[in-house]
Number of protein chains: 2
Amino acid sequence: MAETRAIDVTEVSRSKAFGCDVVRFSFISHRLGGLETKFHVILPPSSDDARPAPVLIYLSGLTCDDTNIIQKAGAARAVAAHNICLVAPDTSPRGAGAPGEDDSWDFGTGAGFYVDAVTEPYKRHYCMYSFVRDELPVAVSAALGERVDVARCSITGHSMGGHGALVAALRSPGKYRSVSAFSPICHPSAPGCGWGVKCFGLYLGDDAEARKTWAGYDATELMLARHGMPAVFPSILIDVGTSDTFLESQLMPSHFQDACAKVGQAVCESLAGGRSPLR
Amino acid sequence: MAETRAIDVTEVSRSKAFGCDVVRFSFISHRLGGLETKFHVILPPSSDDARPAPVLIYLSGLTCDDTNIIQKAGAARAVAAHNICLVAPDTSPRGAGAPGEDDSWDFGTGAGFYVDAVTEPYKRHYCMYSFVRDELPVAVSAALGERVDVARCSITGHSMGGHGALVAALRSPGKYRSVSAFSPICHPSAPGCGWGVKCFGLYLGDDAEARKTWAGYDATELMLARHGMPAVFPSILIDVGTSDTFLESQLMPSHFQDACAKVGQAVCESLAGGRSPLR
């Protein structure tokens, strides 16, 4: 069900880069249990006859917040060139006060893992999955109005955020125009994927019954479940660095590649950073 | 006097970007009182017939270390295009244990201000001026050998680092092929420049006698002192954002512009980010 309640968005900061407006907003999030959350947008240069810009949601990885892609990627140049509005949300709720949320870098604050928690006490605040799907687009519309067209939306992300993007796109066919990912966590419920198993166990539960729900947040399992169905996208771009120290231990792109091959979903390789195992 | 002692350099990390090698090194610095210091280089793609790359030293601003420009600027693309080796040192010694060095963001750790301190107890470790001038090039040579030509060296920087670059270039005519700066602190000894006055007072002393030495680390005063001498460079590029909240209160580029006009030194304006007050 789409989010329909009105959202009051506050502008936190604004600067210029490559003719774009780089703006940070905050709002009180219903999906995150009434906590304030922040997001960044990079808006392409406006002109009187500019069409509303389509939206590309970028989901960041573990330890990040809404600032990382904005500060580090030089994305404004591409935003200006392609007239796309980049939207970067946070990676978790902040200040939930849940047990253990600030004890490690790979769980809790900075590590929402783009799931809707079902366990106590996390389920009240740790609902980044439906936050991104339903509430964030409404906030973007409230903030930017007719400058953007949130109905034309694509999604991408890095590492944990690449996982989030793939899962979002595969669970909601038709919602996103494209999906891509940079070094995504492709098979988080696989026994060897420490990051996924830790967060899924704490947010979703770890008994036999709970583990059945993990596949719903796992890109490889979601892809395998599409056996016999038409491909969701003409192609999916996955870009990985082949010398990434987490490649086999946590990211497992070959698992996703194999799943795509089984169900007939095309996957693009990218050579940026070296030879890609995805062909 | 140039640094001549041998320096043992250790490789800390290495990655690839746009065909460049992004490498972090550490060594024990004599000029910083025996403390370990780290620096980053971005080396352009090598080929069998590649000429040794000239060096561009980039000095970072307050609160930064050797990682900021590497992570945030997307500089590898330009390094590859122009076959220049970018070298990014730290902004201060780390772990000197001097009083107050970790109490504020604008003094001490992360805020060496590119001076050689003369006050106790800072003078043992806080010598970033001669560190950059003498010791860093030797360390770069030790790390990279014939891949680079440190005799062909230029210098640039941001904010406090722009100050450091301008001062380094004006104090050592002939040492650097070019100097430029992004939003530099142009007149740090001016009474209104809180950042400069604070650091100069603590590193150089604050009585009437000590204050006479401040001009030797002040780009505007150094330029004025060149009255009647030939211009040091064909031109100096200063790039500032005209909506920078620190423009008039701390950076004061118009002071440097006026000084250049008085002594006949050309200054380039840059329009990146908006209209520039430097014409």
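Remember, predicted model here, so these are calculated numbers, not experimental data. (Residues numbered from 1 in each chain as written. Chains lettered and ligands numbered in written order. Predicted model: local features only at pLDDT ≥ 70, side-chain atom pairs only at ≥ 80, totals over all residues. Heavy atoms only, no water.)

### Observations regarding the pairing of strand β5 (residues 85-89) of chain A
All names here are of chain A.
Next, step 1: Burial analysis of β5 places 5 of its 5 residues in the buried class, which makes it a mostly covered element.
Next, step 2: Because side chains alternate across β5, one face comprises the buried residues Cys85, Val87 and Pro89, and the other comprises Leu86 and Ala88, equally buried.
Next, step 3: Sheet topology note: the strand β3 (residues 35-43)/β5 ladder contains 4 bridges and is antiparallel. Bridging from a neighbouring strand, Val41 pairs with Val87 of β5. (Buried < 20%, exposed > 50% of the residue type's maximum accessible area, 1.4 Å probe, protein only. Helix = DSSP H or I, 4+ residues; strand = E, 2+ residues; numbered from the N terminus. Pairing = 2+ DSSP bridges.)

### Observations regarding unusual backbone geometry
All names here are of chain A.
Next, step 1: The linkage connecting Glu120 with the following residue, Pro121, adopts the cis geometry, with an omega of -5°.
Next, step 2: Counting through the fold element by element, Pro121 comes out in the loop between β5 and α3 (128-144).
Next, step 3: Positioned with a positive phi, Tyr114 is a non-glycine residue whose angle comes to about 55°.
Next, step 4: Positionally, Tyr114 belongs in the loop between β5 and α3.
Next, step 5: Given a relative accessible area of 3%, Tyr114 falls into the buried group.
Next, step 6: Unlike most non-glycine residues, Ser183 shows phi in positive territory, near 50°.
Next, step 7: By the secondary structure assignment, Ser183 is in the loop between β7 (180-182) and α5 (194-204).

### A closer look at the packing of aromatic side chains
Next, step 1: Taken as a whole and assessed by the stated rule, the structure comprises 26 aromatic pairs over all chains.
Next, step 2: A centroid spacing of 6.0 Å and a plane angle of 85° characterise the contact between Tyr122 of chain B and Tyr203 of chain B, whose relative ring orientation is edge-to-face. With Tyr122 of chain B in the loop between β5 (85-89) and α3 (128-144) and Tyr203 of chain B in helix α5 (residues 194-204), this pair connects stretches of sequence that are 81 residues apart. Tyr203 of chain B matches Tyr122 of chain B in its accessibility class, with the two residues each being buried.
Next, step 3: Put simply, the rings of Phe25, Phe27, Phe39 and Phe131 of chain A touch in pairs and so form one group of aromatic residues. (Phe/Tyr/Trp six-rings, centres within 6.5 Å; stacked < 30°, edge-to-face > 60°.)

### Digging into empty space enclosed by the protein
Remark: the empty space left among the atoms is shown by a probe the size of a water molecule rolled over them.
Residue and element names in this part refer to chain A.
Next, step 1: Under the definition given, this model contains 4 cavities of 30 Å³ or more.
Next, step 2: Each pocket or cavity is described by its volume, and for the largest cavity that value is around 50 Å³.
Next, step 3: Around the largest cavity sit Leu59, Tyr114, Tyr129, Val132, Arg133, Gly164, Val167, Ala168 and Tyr176, which together line it.
Next, step 4: Every element with two or more residues in the lining of the largest cavity is listed here: α3 and α4 (160-171). (1 Å grid on protein atoms, 1.4 Å probe; cavity = no way out; pocket = protein on both sides within 12 Å on 5 of 7 lines; lining within 4 Å. Points joined across faces, edges and corners; volume = space filled by probe spheres on them.)

### Details of the side chain of Glu101 of chain A
Residues and elements named next belong to chain A.
Next, step 1: For Glu101, the position within the fold is in the loop between β5 and α3.
Next, step 2: We note that Glu101 is buried and unpaired, the nearest opposite charge coming from Arg94 at a distance of 9.2 Å.
Next, step 3: A distance of 3.5 Å separates a polar side-chain atom of Glu101 from the backbone nitrogen of Ala96.
Next, step 4: Residues in contact with Glu101, not counting those within four places in the same chain, are Gly95, Ala96, Phe107, Gly108, Thr109 and Tyr126. (Lys, Arg positive; Asp, Glu negative; His and termini not counted. Salt bridge = Lys/Arg side-chain N within 4 Å of Asp/Glu carboxyl O. Polar contact = N/O pair within 3.5 Å; in protein donor to acceptor, adjacent residues only side chain to side chain. Contact = heavy atoms within 4.5 Å.)

### A few points about the side chain of Ser172 of chain A
All names here are of chain A.
Next, step 1: Along the chain, Ser172 falls in the loop between α4 and β7.
Next, step 2: Residue classification places Ser172 among the buried residues on the basis of a relative accessible area of 13%.
Next, step 3: Those residues in contact with Ser172 that lie beyond four places of it in its chain are Tyr129 and Arg133.

### As for the sheet that holds β3 of chain A
All names here are of chain A.
Next, step 1: Strand order in this open sheet of 6 strands is β1-β2-β3-β5-β4-β6, and the pairing throughout is mixed. In this open sheet, the two edge strands, each paired with only one partner strand, are β1 (10-17) and β6 (148-157). Taking each pair of neighbouring strands and ignoring which way they run, the sheet shows an average axis angle of 25°.
Next, step 2: Inspection of the sheet shows β1 paired to strand β2 (residues 20-29) by 7 bridges, in the antiparallel sense. Across the sheet, Ser15 pairs through a bridge with Val22, a residue of β2.
Next, step 3: Helix α2 (residues 75-82) contacts β1, β2, β3 and β5 of the sheet and is inclined by roughly 60° relative to β3.
Next, step 4: Relative to β6, α4 is tilted by about 130°, and along the sheet it contacts β4 (53-59) and β6. (Axes fitted to C-alpha atoms, helices over the stretch in contact; angles between N-to-C directions.)

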